[in-house]
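# Survey of secondary and tertiary structure
Below are the chains, spelled out letter by letter.
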Amino acid sequence: MRTIRALVLCVVLEAREPIAGRAVAARAGITRRQAADALVDLADQGLVARIGRKARVLWTAPTPPPNPF
């Protein structure tokens, strides 16, 4: 069995464009609250990036830092 965080991370990384939390929950087959908690934890760890605020937030893979050279 996979953990909810691992499942949510896979859904976000496989999405071709930024994805809403509700869509993450639907694709993962979990509740919106479970998805929201997992997304916030993953964002705190730097594994996903958050675009926007509150109800209009979209989630995506983090962008790598620019090369200074």
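Scroll up to find the structure this text is about.
Below is a short write-up of the structure. If you're wondering where the values come from, they're calculated on a predicted model, not measured in any experiment.

## Quick notes on the overall build of the chain
- Regarding its fold elements, the chain presents three helices and three strands.
- Ordered by position in the sequence, the α and β elements of the chain form the string α-β-α-α-β-β.
- A compact globule built from 69 residues should have a C-alpha radius of gyration of about 11 Å, and the chain, at 12 Å, falls within 12% of that.
- The dimensions of the chain, computed from C-alpha atoms along their principal axes, are 45 × 30 × 20 Å.
- When the 69 residues of the chain are sorted by exposure, 26% land in the buried category.
- Within the chain, contacts between residues separated by at least 24 positions form 43% of all contacts whose residues are at least 6 apart in sequence.
- For the chain, the exposed surface amounts to about 5300 Å²; the carbon and sulfur share of it is 55%.
- Between the centroid of the 11 positive side chains of the chain and the centroid of its 5 negative side chains there is a distance of 7 Å.

## As for the sheet that holds strand β2 (residues 49–51)
- The three strands lie next to each other as β1-β3-β2, forming an open sheet whose pairing is antiparallel. In this open sheet, the two strands that pair with only one neighbour each are β1 (19–20) and β2.
- Inspection of the sheet shows β1 paired to strand β3 (residues 58–60) by two bridges, in the antiparallel sense. Residue Ala20 lies in a different strand from β3, and its bridge partner there is Leu58.

## Brief notes about the environment of Cys10
- Note that Cys10 resides in helix α1 (residues 4–14).
- Among the residues examined, Cys10 registers a relative accessible area of 28% and is labelled partly exposed.
- Residues Cys10 and Val24 lie 14 residues apart in sequence; the distance between their C-alpha atoms is 9.7 Å.

About the cut-offs
- Numbers given for residues are sequential positions, taken from 1 along each chain in its written order.
- Per-residue local features are limited, in this predicted model, to residues with pLDDT of at least 70; the limit for side-chain atom pairs, both in listing and counting, is 80 or more; totals at the level of whole chains, interfaces and linings are taken over all residues.
- Side-chain metrics rest on all non-hydrogen atoms present in the structure, leaving aside hydrogens and water.
- Strands here mean DSSP runs of E at least two residues long; helices mean DSSP runs of H or I at least four residues long; both are numbered from the N terminus.
- Here the globule rule reads 2.2 Å times residues to the power 0.38, and the radius of gyration is calculated from C-alpha atoms.
- Each residue's exposure class comes from its accessible area (1.4 Å probe, protein chains only) as a fraction of the maximum for that residue type: buried when under 20%, exposed when over 50%, partly exposed otherwise.
- Note on contacts: a residue pair qualifies if any of its non-hydrogen atoms lie within 4.5 Å across the two residues.
- Using a 1.4 Å probe, the Shrake-Rupley method yields the accessible areas, and only the shown protein chains count as cover for residues.
- In this tally, Lys and Arg are treated as positive and Asp and Glu as negative; His is ignored, and so are the chain termini.
- Lys charges are placed at NZ, Arg charges at CZ, Asp charges at CG and Glu charges at CD.
- Here the rule is simple: two strands pair whenever DSSP picks up at least two bridges between them.

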